[in-house]
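Residues per chain are reported as follows:
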Amino acid sequence: MPRISSMVIVNIVNILGSIAAIIVALLAGAVLISIAGQQPVEAYRALLDGSINGKRAIAETLVYSCPLILGGLSFAVALRAGMFNIGIEGQLMIGGLAAGLVGALHLGLPLYIHLPLALLAAMAAGGIWGAIPGAMKAFSGAHEVISTIMLNYLAYRLTAYVVQKTGKWLPVQPSLQATKKVVPEARLPRILDGTRLHAGIIVAIIAAFVLWYLLFRTTFGYKVRTVGLSRGAAAYGGINWGLTITLAMLASGILAGLAGAGETLGLQGRQYTAPQGYGFTAIAVGLVGRNNPIGIIFAGILFGALNSGAPSMQADAGVSKEITQVLQGFVILAVAGFAVLNNSSLARKVLTSGQSRRRDRAAAIGTEPDVEVRAGPPAL
Amino acid sequence: MGDFFTIELLKATLRMTAPLLFAALGGLLSERSGIMNIALEGLMLIGAFFAVAGTSWTGNPWLGLLIGVLAAAAGAAIHAVWCITFRADQIVAGMAINLVAAGITAFLVQRIWHKAGGSDSVQKLPNITSGMSILVPLAFLLVPVVWYFLFRTRPGLRILAGGEHPQAAESVGINVSRYRYLCVILSGVMAGLGGAYLSIGDLSYFTLDMTSGRGFIALAAMILGGWTPLGAMLATLLFGASQAVQLQAQAIGNFPISPDLLVAFPYLLTLVALAGFVRHVTPPAGLGKHATSG
């Protein structure tokens, strides 16, 4: 079978799998709502209404999508390298903090200098916060899940500490538990009158295309994907595993930092100390988007809609908005559970047409095996 | 400083340590059997919620405790089905359970008590001395129990074998999957105890997200403690002490060190330990690996 057509099949199977996962999650959610004695159909109708009916609703959906798309991209680039970044929340906060601090300084600079400066600060801070667990894994094998969790808490604490630093040059406002207000020259401009929609969504979509190019059209992307599919094969091909995972985590942190900057410079106008939880929803976005940057744009909008429609669901159908969090969890469970189908004999026959399929983590949760992996030495 | 390090501080340390220790011992059982359990956080939350709900339904906090523990064990069983039978990614499944737990408890609080922040007050479990729940000594008693079970009994050693090298264990006839199910469900029981301690042991009500990361901290403490019960106890005591000192520092005021930095210290220490600077921390070799048979 020619290679291109098997990739198309893989993509179609992935898209169908994501849609099926969403349907299963919605059905499970409906069962739960019914058990609680409420009307699921009414709830979902209100949810849909609140997320796409009218200019304001659509704008709000996109506002929520912005950190979720960037967070999903962050999750995806790390997972492509086989790294499980659950530190997006912390990288997002540190990025937002850096953006908030730089953005709140009265530098007298024009928008086209101050705004990029604040974005760069966020990317640098998030990038460092992301690269640390990558480097730790490279040097001592420290599991990234634990190190990123620790770095999440350190990010919360550092933010709480910094915004309390009164009487210093830092532009912080301890009474609000936040940084000072970002100056207009550093704000991401609003792009739709009468709504909160800001230019962050443009940043997110550009980032998705840049990441797609990086992953699928550059040597770096090839190395990242190879390392993620098989460390042994990567070593056989002369790819530096430690460097590659560190750089992938750097990229992941940069994207998470941008997500934080979007919230601080675009939506809130300052960085607060309370974590928002976007870093965890980002995992769902990445998984449903199948770690494909273009898929993640759609997944991000979908989860954005879930968030923006939730208040209507609560107001109109009386179903409390936390049910959307349950739905997110159900979607992840469904995607993860479907991996068993992916590994089943039928799917394997269709997908790989006789090639042996690698069953490591990246493959098991739905990334397509589009890197030709030759038989190499066993994993190191 | 003389009146800072008092018997009250020691008691606060034990109170803050107990929930972490329950969960850390649960995480230890699961990880030693070869299953990563990131879901501890959510399982604790489920335990905390259903302990209050159960107490509210039955009017008896002991029955509430039982219901909370059973609910957390049921949540853990879902994790086990996904990780062992479906061979799903263990971290993905764990994070999903955390999301579901946070959402479902918030949803049910709204349904049952018709308010957003938390439950009504219920009767709590008895204290052994003033301000210290009867569950606190239980947490510490479980340390030697878990140690003895894992390192001195036949099932315990089989669990360890399945966690270190599942294929080898299978080849000598150990049903690795069955022991893994047992351990993951037991870890749910432990996490449920830790959660119930928070809601009906230390306090007498449930608030949203009341575990506030304790499941994750327990996981870190277990690793800092080198995957041993005694190590986990010492590490959770460290985290507990830092939280107690922070509370005391906030209560007294003008403490020389920022409370945020105090609380950050154990996290930093865990990070440094993970980086290999303190001493070697080696996970079970078979962690995350599937057994050969379903």
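Parameters and conventions
- Residues numbered from 1 in each chain as written.
- Chains lettered and ligands numbered in written order.
- Predicted model: local features only at pLDDT ≥ 70, side-chain atom pairs only at ≥ 80, totals over all residues.
- Heavy atoms only, no water.
- Helix = DSSP H or I, 4+ residues; strand = E, 2+ residues; numbered from the N terminus.
- Buried < 20%, exposed > 50% of the residue type's maximum accessible area, 1.4 Å probe, protein only.
- Contact = heavy atoms within 4.5 Å.
- Areas by Shrake-Rupley, 256 points an atom, 1.4 Å probe, with all protein chains shown as cover.
- Rg over C-alpha atoms; globule rule 2.2 N^0.38 Å.
- Lys, Arg positive; Asp, Glu negative; His and termini not counted.
- Charge placed at Lys NZ, Arg CZ, Asp CG, Glu CD.
- Buried area = accessible area lost by both parts, 1.4 Å probe.
- Polar contact = N/O pair within 3.5 Å; in protein donor to acceptor, adjacent residues only side chain to side chain.
- Nonpolar A, V, L, I, M, F, W, Y, C, P; charged D, E, K, R; others polar.
- Salt bridge = Lys/Arg side-chain N within 4 Å of Asp/Glu carboxyl O.
- Axes fitted to C-alpha atoms, helices over the stretch in contact; angles between N-to-C directions.
- Parallel < 35°, antiparallel > 145°, perpendicular 65-115°, else oblique.
- Expected span 1.5 Å × (residues − 1).
- Arc of directions from axis to C-beta.

Caption draft 1: Here's a closer look at the overall build of chain A. From N to C terminus, chain A includes 15 helices and two strands. The proportion of buried residues among the 380 residues of chain A is 59%. Residue pairs at least 24 apart in sequence account for 75% of intrachain contacts in chain A once pairs closer than 6 positions are excluded. Within the structure as shown, chain A displays about 15200 Å² of accessible surface, and the carbon and sulfur contribution to it stands at 66%.

Caption draft 2: Expanded view of the overall build of chain B. Within chain B, the regular secondary structure consists of eleven helices and two strands. Sequence-ordered secondary structure for chain B, helices as α and strands as β, is α-α-α-α-β-β-α-α-α-α-α-α-α. Relative to the globule expectation of 19 Å for 294 residues, the C-alpha radius of gyration of chain B, 19 Å, shows essentially globular dimensions. Once the C-alpha set of chain B is aligned to its principal axes, its extents read approximately 60 × 45 × 30 Å. For chain B, the proportion of its 294 residues judged to be buried stands at 60%. For chain B, the share of sequence-separated contacts (at least 6 apart) that also reach a separation of at least 24 residues comes to 78%. Split by element, the accessible area of chain B, about 10900 Å² in all, is 67% carbon and sulfur. If the 15 positive side-chain charges of chain B are averaged to one point and the 11 negative ones to another, these points end up 11 Å apart.

Caption draft 3: Spatial organisation of the interface of chain A and chain B. On the side of chain B, 41 residues touch chain A, which itself brings 41 residues to the contact. Interface area for chain A against chain B, summed over the two sides, is near 3900 Å², with a carbon-plus-sulfur share of 78%. At the boundary of chain A with chain B, the tally comes to four residue pairs in polar contact (both at pLDDT 80 or more). Those elements giving two or more residues to the side of chain A that touches chain B turn out to be α5 (111–140), α6 (144–162), α11 (278–288) and α13 (323–342) of chain A. Its residues placed into classes, the side of chain A that touches chain B shows 27 nonpolar, ten polar and four charged.

Caption draft 4: Main features of the pattern of salt bridges. One pass over the full model with this rule turns up five salt bridges over all chains. For the salt bridge of A:R157 with B:D260, the shortest nitrogen-to-oxygen distance reads 3.2 Å. Of this pair, A:R157 sits in helix α6 while B:D260 sits in helix α11 (residues 259–274), on two different chains. For B:R15, the salt bridge identified is with B:D202, shortest N-O distance 3.0 Å.

Caption draft 5: Structural detail: the packing of helix α2 (residues 40–52) of chain A against helix α3 (residues 55–80) of chain A. Residues and elements named next belong to chain A. It is the contact of α2 with α3, at a shortest axis distance of 5 Å, that shows an interaxial angle of 90°. By the angle between their directions, the pair α2 and α3 is classed as roughly perpendicular. Between α2 and α3, the residues in contact are D49, G50, S51 and I52 and A57, I58 and T61, respectively. Partitioning the contact of α2 with α3 into residue classes produces three nonpolar, three polar and one charged.

Caption draft 6: Molecular detail of the packing of helix α8 (residues 219–229) of chain A against helix α10 (residues 241–268) of chain A. All names here are of chain A. With their axes 10 Å apart at the nearest point, α8 and α10 run at an angle of 105° to one another. With respect to α10, the axis of α8 lies roughly perpendicular. Here α8 contributes F220, K223, V224 and V227 to the contact with α10, which in turn contributes W241, T244, I245, L247 and A248. Here the residues of the contact of α8 with α10 are counted per class, giving seven nonpolar, one polar and one charged.

Caption draft 7: Structural view of α2(A). Residue and element names in this part refer to chain A. The end-to-end C-alpha distance of α2, which contains 13 residues, comes to 18 Å, matching closely the 18 Å that a straight helix rising 1.5 Å per residue would cover. For α2, every residue scored as buried is listed here: P40, A43, Y44, A46, L47, G50 and S51. The arc that holds every buried residue of α2, seen down its axis, measures 160°, which confines them to one face. Exposed side of α2, more than 90 degrees from the buried face: V41, R45 and L48 are the residues found there. Residue G54 follows α2 closely and has a positive phi angle near 100°.

Caption draft 8: Representation of helix α9 (residues 214–224) of chain B in the model. All names here are of chain B. With eleven of eleven residues buried, α9 is to be regarded as a mostly interior element. Where α9 is concerned, the buried positions are R214, G215, F216, I217, A218, L219, A220, A221, M222, I223 and L224. Just downstream of α9 lies G226, where phi reads positive at about 65°.

Caption draft 9: How the structure looks around the environment of A:P171. All names here are of chain A. Positionally, P171 belongs in the loop between α6 and β1 (172–173). Taking the relative accessible area as the measure of exposure, P171 reaches 7% and is therefore buried. Counting along the chain gives 98 residues from P171 to G269, while the straight-line C-alpha distance between them is 13 Å. If sequence neighbours within four positions are ignored, P171 has contacts with L101, A104, L105, T179 and K180.

Caption draft 10: Region of the structure containing unusual backbone geometry. Residue and element names in this part refer to chain B. Positive phi, normally seen in glycine, also occurs at H114, with a value near 55°. Overall, H114 belongs to the exposed group, its relative accessible area being 60%. Of note in this structure, S212 is not a glycine but carries a positive phi near 35°. For S212, the position within the fold is in the loop between α8 (176–202) and α9.

Caption draft 11: The arrangement of the side chain of B:E41 in detail. Residue and element names in this part refer to chain B. Relative to the helices and strands, E41 resides in helix α2 (residues 40–58). Although E41 is buried, it forms no salt bridge, and the closest oppositely charged side chain is R214 at an N-O distance of 7.6 Å. Here T211 takes part through its side chain, which lies 2.9 Å from a polar atom of the side chain of E41. At 2.8 Å, the side chain of E41 and the backbone nitrogen of G213 are in polar contact. Apart from residues lying up to four places away in sequence, E41 is in contact with N98, D209, T211, S212, G213, R214, G215 and F216.

Caption draft 12: How the structure looks around the side chain of B:R180. Within the secondary structure, B:R180 sits in helix α8. At 2.7 Å, the side chain of B:R180 and the backbone oxygen of B:S33 are in polar contact.

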